[in-house]
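Okay, here's what each chain looks like letter by letter:
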Amino acid sequence: MADLDEAAINNPSSDAGQIEVDLSDETQDFRMLNSLSFLADTNDLSLPKRGEKDFEPNPTLFQADILSASRQAMHSALSYPRLHNPKNKVIGVYAPNGPAPPPDPKLDLISEDAPTERPAPTTSIGVSLTTCVYVANPKGGLFKTIGQADRWNRIWLLPEEALYLLERGSLDIRWPRGAVGDGGEHNIEDSGIPMSLQAAYASFIGHSGLTMEKFSVYTGLRRLGYAVFRAPGWSQSDNDTDGTACSTEPSEEGQLAMRQGPGLAGIFKRFLQWLQDSPSTTAAMGPLIGFGFHRGYNHLFRKLALIPYYDPVTASPSRAELPYTVALHIYKPSTHIRKSALPDPDFRIAVVNARTDTDMPTLSQIGSLLESTPLEPPASNKPLYVRLKNGYRNVILAVVDQGVVSYLRIADAAFGKEKIFDAQAPLRGNKLRGPPRNKFKKR
Amino acid sequence: MTKHLPLPPVPNPSSLTTFVSSESDPVTTTCATTSQVIHNLQYQHLWTSLKVHHLNLSFPVSLISGIPPHRVYTHPDEQLYMVEHGLREEDVELDRMFVLPTVQGQSWSLEKMAGVFDALPSPGDEDAESEAQSADDAATDGTTADKAAKLAKYYEYRVKARQTGEWGCKRLLLAMIDKGMGGEGTVVYYVAQEGTVKPRQN
Amino acid sequence: MNTTPELPVPISYIAGNYFVFSVDAATFLRREHNICGVLTGTLPQVPQQNVFTGLPLELMPEEARLLVEKGVACIVDEVNFQKQGMRSLVEEDRKKYLQELESQGLETMQLQMRRKERQRDASLKKIEEKKAAAKAKKAEAKEDTTADAPTVAEDSVVSLFADSGEPSSHISSRRPSTLGSIEPMGITPPVSHPPLPQQPPAKHLLPLPEVQSSYPLFAHLHSKGYFLCPGLRFGCQYLAYPGDPLRFHSHFLVVSTEWDEQLDLMTVISGGRLGTGVKKGFLIGGANKNVEESDGAGSNVRTFSIEWAGM
């Protein structure tokens, strides 16, 4: 399944096999967008063909014309406005100081004794303190996987959620009156003044641990249809003044892994193993395979397996450190989720800024990162190579270089646990081999 | 049951080992590396007229030069010129090429690289002297007058193109051997050129 | 399109990143100064894909610095500029801005309704024509008419997109209610000017962006006409394009090194191999510390191009 999963993260559309090149790898000719935009109308979004590029500039007018047309297409694509039809527009209001109950008691549908005076903005109203935009009229499918509802049926959005919705033209975010010189500082009533894209970036990037790198990953995956949520390791730094409730707890996954451990079944298996092996391995100096009753080659091979190996199942969980912590939980578009009770994620992602962390993570950093993820052993009925690739734990590193994201999947492969000699049928050669090597072409 | 077998005779040193120890006395790392690359160029890649140039730099380094059996590198614009003028690579006189022998793990830096390139003769100088001779060769080769004319024009243009850097500036072959765990004799070759030289497309 | 924005172009500094939000500035920097940046935003017209992305344009600190050094741009402390600028708006500013938005919104709404009507009329007309034509030779096949109809409708959508660089939204697929009171379209503007001033006050300007030691190499290649993009995807520091990346493949995978920095030759070899595998050269370079840089374009930079020799 590992192969499929990886293909999915590159291209989650159903026809994953069709596109071999990741078009987002290189700058695309914006003229291709014309065909894309009208297809989007019919909900039949298919990717355009890779635009033909030249090797180098030449002084021909033809080339200059094409370039100018491409730039023109880019300009008009980038000028496309974010419009909100009055019939179905969704309005959010920025609450710079975090969630607060509605100022107007009329809005309070549940409790009659709503406070008439506005309390301090830190009052808990059942949503994360790091949210900063509320939507009083949440409409549309996007809110199925975005936002948290308070008891006044308003949806509160985290900064990345708000920015993503604004950016895609699905949300009209307004400045609160308090921020535009129209009322007290804590007044978060709608001022009617829309927040520009520029203002939204200035307000939301940097809010509650949202770095541009995390936002690039968040929005890139959202655009592909994944549901993305903050993971407990979103921000662990002590100076996180917004105090994400979950950030200070030890990773729930780590706890899970601890509980799972080798498990009862594992202990029993080890005991059996010990029974089987111990009688003949007494002689420290003697022959590895002494005299005795040998029931088959497997028995002999097992005795020859002298070299200790790392077993991911028994690895003890340890605390991962930033940036190598799982910051995002990803769900495939097909996964059914309820915001209130999120299932185990399909993927776990750590976000790395390539500019500040220029080296490959050390083995111990990767180790702690992997150990913070739950044990997901490969299915035993899968072929050997698939099992090795799947590994026992896995995590995805999203390495962001100035807005360009590369995804690397790291898995804890257990070569030592794959007893080749235990294989039932003789192994077919190609199962053992890796993916086909790219031949280096001779010029 | 166990009879003592006579110890197998010590194998003769490999031709490479013999070559390396005969070339340099005393055997220093730099010399051994150079010898090994020369050996590889001579016997695997069939280069001729191999020479060693000792560079007087702040660190020990020497260059090898020789003539390859066929062209190793053609600048894309030079190739285009040749195609346009109906010339094939075989028609053109082979050039002496410089090779920088290196070994994996050797301490290296941009500064050293620049030092080696600075020590290379500038491409214009070489051409001036070889031009006349090349033109003569072409005439006596028995090629048609037409081709000779084309070649002469090509050589003339090449002098200019090399001086302006249109067909690339200074270049050398970076040869690297891996002596880790005793090494296994592989030598890899990369073309290194001064400045931004666009890549070949074929 | 070939408009020149008011100079210097403000570059927004937000939480350690450099952004350009104005479409005119973004295309101007690309066209006149070979600065591409990376479009990191979502395009509202096609929000569910990653092939084409939109504003903002994220600039590398190198790009931002180069533009400031050339006097083309200035760095704005956007967070404080926004916060203080918005807070200091007075009643009159707010009213004026809201009125402006409302009239723009009304205009857009009317435009969209008219376009929809035209579009509907056109497709109806075409269908009618087809039907008539089909009727004329209905002896042959009757099913053709029904099969043709959707194609016609699609064609009209294409032509609509072909002729417009203007807003042509499909946010609402419903037919506009019969003309009567028209409500204005809500608009999320891309930039905050207006209501904020185009050029921020001096107190919100920031000094030159801090850059890595690779900056001289960056500036050198840029001065030679190369377009440079972040290169991590291809296993290097920068990708160098001989022209606009919209039209051209890159020539080099660029890695910068310091003049006397210990350099593992294996880096050179693996870089050369990596580049050759994708028909690009591997370019390694850096500034000579012992030589004074004279022209601000990395004149003391030495570069070397590496390719597999094929032997």
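Residues numbered from 1 in each chain as written. Chains lettered and ligands numbered in written order. Predicted model: local features only at pLDDT ≥ 70, side-chain atom pairs only at ≥ 80, totals over all residues.

- Chain C is annotated in an unreviewed UniProt entry as tRNA-splicing endonuclease subunit Sen34 of Aspergillus pseudoustus.
- In its Sequence similarities (unreviewed entry) section, the UniProt entry covering chain C states "Belongs to the tRNA-intron endonuclease family." (UniProt positions renumbered as here; feature names shortened; annotations may be inferred.)

- As recorded in an unreviewed UniProt entry, chain A goes by the name tRNA-splicing endonuclease subunit sen54 N-term-domain-containing protein, listed as coming from Aspergillus pseudoustus.
- In its Sequence similarities (unreviewed entry) section, the UniProt entry covering chain A states "Belongs to the SEN54 family."

**Brief notes about the overall build of chain A**
- A tally of regular secondary structure across chain A gives 12 helices and 12 strands.
- In chain A, which comprises 443 residues, the proportion classed as buried is 36%.
- A separation threshold of at least 6 residues defines the contact pool for chain A, and within that pool the share at least 24 residues apart is 64%. (Helix = DSSP H or I, 4+ residues; strand = E, 2+ residues; numbered from the N terminus. Buried ≥ 20, exposed ≤ 12 C-beta atoms within 10 Å, placed from the backbone. Contact = placed C-beta atoms within 7 Å.)

**Focus: the overall build of chain C**
- In terms of regular secondary structure, chain C is built from 7 helices and 13 strands.
- Burial analysis of chain C (311 residues in total) assigns 44% to the buried set.
- For chain C, the share of sequence-separated contacts (at least 6 apart) that also reach a separation of at least 24 residues comes to 60%.

**Some words on the confidence of the model for chain C**
All names here are of chain C.
- For chain C, per-residue confidence averages 83 on the pLDDT scale, and residues scoring 70 or more make up 85% of the total.
- Per-element averaging of pLDDT across chain C places helix H5 (residues 144–162) at the bottom with 38 and strand S2 (residues 17–20) at the top with 96.
- Note on residues 143–178: pLDDT under 50 across the span, and 41 contacts to partners over four residues away in sequence or across chains. (pLDDT = per-residue confidence, 0-100.)

**Description of helix H6 (residues 212–223) of chain A**
Residues and elements named next belong to chain A.
- With 12 residues, H6 extends 16 Å between its outermost C-alpha atoms, agreeing within 8% with the 16 Å of an ideal straight helix rising 1.5 Å per residue.
- The element H6 is largely enclosed, with a buried count of 12 among its 12 residues.
- Those residues of H6 lying buried are Met212, Glu213, Lys214, Phe215, Ser216, Val217, Tyr218, Thr219, Gly220, Leu221, Arg222 and Arg223.
- Count one or two residues on from H6 and you reach Gly225, which has phi positive near 100°. (Expected span 1.5 Å × (residues − 1).)

**Section: the nonpolar core**
- Ranked by internal contacts, the top residues of the largest apolar core, which has 168 residues, are Ile349(A) and Ile11(C).
- With residues up to four places along the chain from it excluded, the contact list for Ile349(A) reads Val217(A), Val326(A), Ala327(A), Leu328(A), Ile330(A), Ile396(A) and Ala398(A).
- Listed in part, the 5 residues of the second largest apolar core include Leu83(A), Leu101(C), Met185(C) and Ile187(C). (Core = buried A, V, L, I, M, F, W, Y, C linked by C-beta atoms within 7 Å.)

**So, the UniProt feature "domain: TSEN34 N-terminal" (unreviewed entry) in chain C**
- UniProt's feature table lists "domain: TSEN34 N-terminal" (unreviewed entry) at residues 9–78 of chain C, given in the numbering used throughout.
- End C-alpha atoms of residues 9–78 of chain C are separated by 13 Å, and the span's content is 30% helix alongside 36% strand.

**Points about the interface of chain C and chain A**
- Residue-level contacts link 74 residues of chain C with 83 residues of chain A.
- Partitioning the side of chain C that touches chain A into residue classes produces 40 nonpolar, 25 polar and 9 charged.
- Where strand S1 (residues 82–84) of chain A meets strand S6 (residues 186–188) of chain C, 3 bridges bridge the pair, whose relative direction is antiparallel. Pairing of His84(A) across the sheet is with Gly186(C), part of S6(C). (Nonpolar A, V, L, I, M, F, W, Y, C, P; charged D, E, K, R; others polar. Pairing = 2+ DSSP bridges.)

**Observations regarding the sheet that holds strand S5 (residues 171–177) of chain B**
- Taken in spatial order, the 10 strands line up as S1(B)-S2(B)-S3(B)-S5(B)-S6(B)-S13(C)-S12(C)-S10(C)-S9(C)-S8(C) in an open sheet, and their pairing is mixed. Of all the strands in the sheet, just strand S1 (48–54) of chain B together with strand S8 (227–230) of chain C have a single pairing partner and so form its edges. When the angles between neighbouring strand axes are averaged without regard to direction, this sheet yields 30°.
- In this structure, strand S3 (residues 97–103) of chain B lies alongside S5(B), joined through 5 bridges in parallel fashion. Counted as the bridge partner of Val103(B) is Ile177(B) from S5(B).
- Relative to the sheet, helix H2 (residues 29–43) of chain B contacts S1, strand S2 (62–67), S3, S5 and strand S6 (187–194) of chain B, its axis offset from that of S2(B) by approximately 10°.
- Across the sheet, helix H6 (residues 215–223) of chain C is in contact with S8, strand S9 (238–241), strand S10 (252–256), strand S12 (281–287) and strand S13 (301–308) of chain C; its angle to S12(C) comes to roughly 120°. (Axes fitted to C-alpha atoms, helices over the stretch in contact; angles between N-to-C directions.)

**Re the environment of Leu46(B)**
- With respect to the helices and strands, Leu46(B) occurs in the loop between H2 and S1.
- Along the primary structure Leu46(B) and Ser15(B) are separated by 31 residues, whereas in three dimensions their C-alpha atoms are 16 Å apart.

**Digging into the interface of chain B and chain C**
- Residue-level contacts link 30 residues of chain B with 30 residues of chain C.
- Of all the secondary-structure elements, those providing two or more residues to the side of chain B that touches chain C are strand S4 (107–108), helix H4 (110–119), S5 and S6 of chain B.
- By residue number, the principal contributor to the side of chain B that touches chain C is S6(B), which donates 7 residues.
- Looking at side-chain class alone, the side of chain B that touches chain C contains 16 nonpolar, 10 polar and 4 charged residues.

**Observations regarding the sheet that holds strand S3 (residues 133–135) of chain A**
- The mixed open sheet is built from 6 strands, whose spatial order is S4-S5-S3-S2-S6-S7 (chain A). Among the strands making up the open sheet, the edge pair consists of strand S4 (148–149) and strand S7 (190–194) of chain A.

**Digging into unusual backbone geometry**
All names here are of chain C.
- For the bond from His193 to Pro194, the omega torsion is -10°, close enough to zero to count as cis.
- In this model, Pro194 is joined to Pro195 through a cis peptide bond whose omega is 10°.
- Counting through the fold element by element, Pro195 comes out in the loop between S6 and strand S7 (205–206).
- For Lys279, which is not glycine, the phi dihedral falls at a positive 60°.
- By secondary structure assignment, the location of Lys279 is in the loop between helix H7 (265–277) and S12.
- Judged by the 15 C-beta atoms lying within 10 Å of it, Lys279 falls in the partly exposed class.

**As for the packing of helix H5 (residues 197–204) of chain A against helix H3 (residues 78–87) of chain C**
- Running from amino to carboxyl end, H5(A) crosses H3(C) at an angle of 110°, the nearest separation of the two axes being 9 Å. The pairing of H5(A) with H3(C) is recorded here as roughly perpendicular in orientation. Helix-helix and strand crossings are classified by hand; for H5(A) and H3(C) the assignment is left-handed. Here Ala199(A), Ala202(A) and Ser203(A) of H5(A) come into contact with H3(C), specifically with Glu78(C), Val79(C) and Gln82(C).
- A breakdown of the residues in the contact of H5(A) with H3(C) according to their chemical character gives 3 nonpolar, 2 polar and 1 charged. (Parallel < 35°, antiparallel > 145°, perpendicular 65-115°, else oblique. Left-handed = near helix turned anticlockwise from the far one by under 90°.)

**What about the UniProt feature "domain: tRNA intron endonuclease catalytic" (unreviewed entry) in chain C?**
- The feature "domain: tRNA intron endonuclease catalytic" (unreviewed entry), as annotated in UniProt, sits at residues 214–285 of chain C in this numbering.
- Structurally, residues 214–285 of chain C is divided into 31% helix and 28% strand, and its ends, taken at the C-alpha atoms, are 9 Å apart.

**Quick look at the confidence of the model for chain A**
All names here are of chain A.
- Of all residues in chain A, 66% have pLDDT values of 70 or greater, and the mean over the chain is 74.
- When mean pLDDT is taken per element in chain A, H6 scores highest with 95 and helix H1 (residues 2–10) scores lowest with 39.
- Predicted confidence is poor over residues 107–122, with pLDDT under 50, and the contacts of this stretch with residues over four places away or in other chains come to 21 contacts.

**Quick word on the environment of Gly105(B)**
- Secondary-structure assignment places Gly105(B) in the loop between S3 and S4.
- With 73 residues separating them along the chain, Gly105(B) and Asp178(B) place their C-alpha atoms 8.3 Å apart.

**Notes on the packing of helix H2 (residues 61–69) of chain C against H6(C)**
All names here are of chain C.
- Where H2 contacts H6, the two axes come as close as 10 Å, and the packing angle between them is 65°. Both H2 and H6 take part in a crossing whose hand is right-handed. Note on element contacts: H6 touches H2 through Tyr215, Phe218, Ala219 and His222, opposite Glu62, Arg65 and Leu66.
- Tallied by class, the residues present in the contact of H2 with H6 amount to 4 nonpolar, 1 polar and 2 charged.

**Concerning the pairing of S5(B)**
Residues and elements named next belong to chain B.
- For S5, a buried count of 7 out of 7 residues is recorded, marking the element as mostly surrounded by other parts of the structure.
- Of the two faces of S5, the one carrying Arg171, Leu173, Ala175 and Ile177 and the one carrying Leu172, Leu174 and Met176 are both buried.
- Bridge count between S5 and S6: 7 bridges; the pairing is antiparallel. Within S6, the residue paired with Leu173 across the bridge is Val191.

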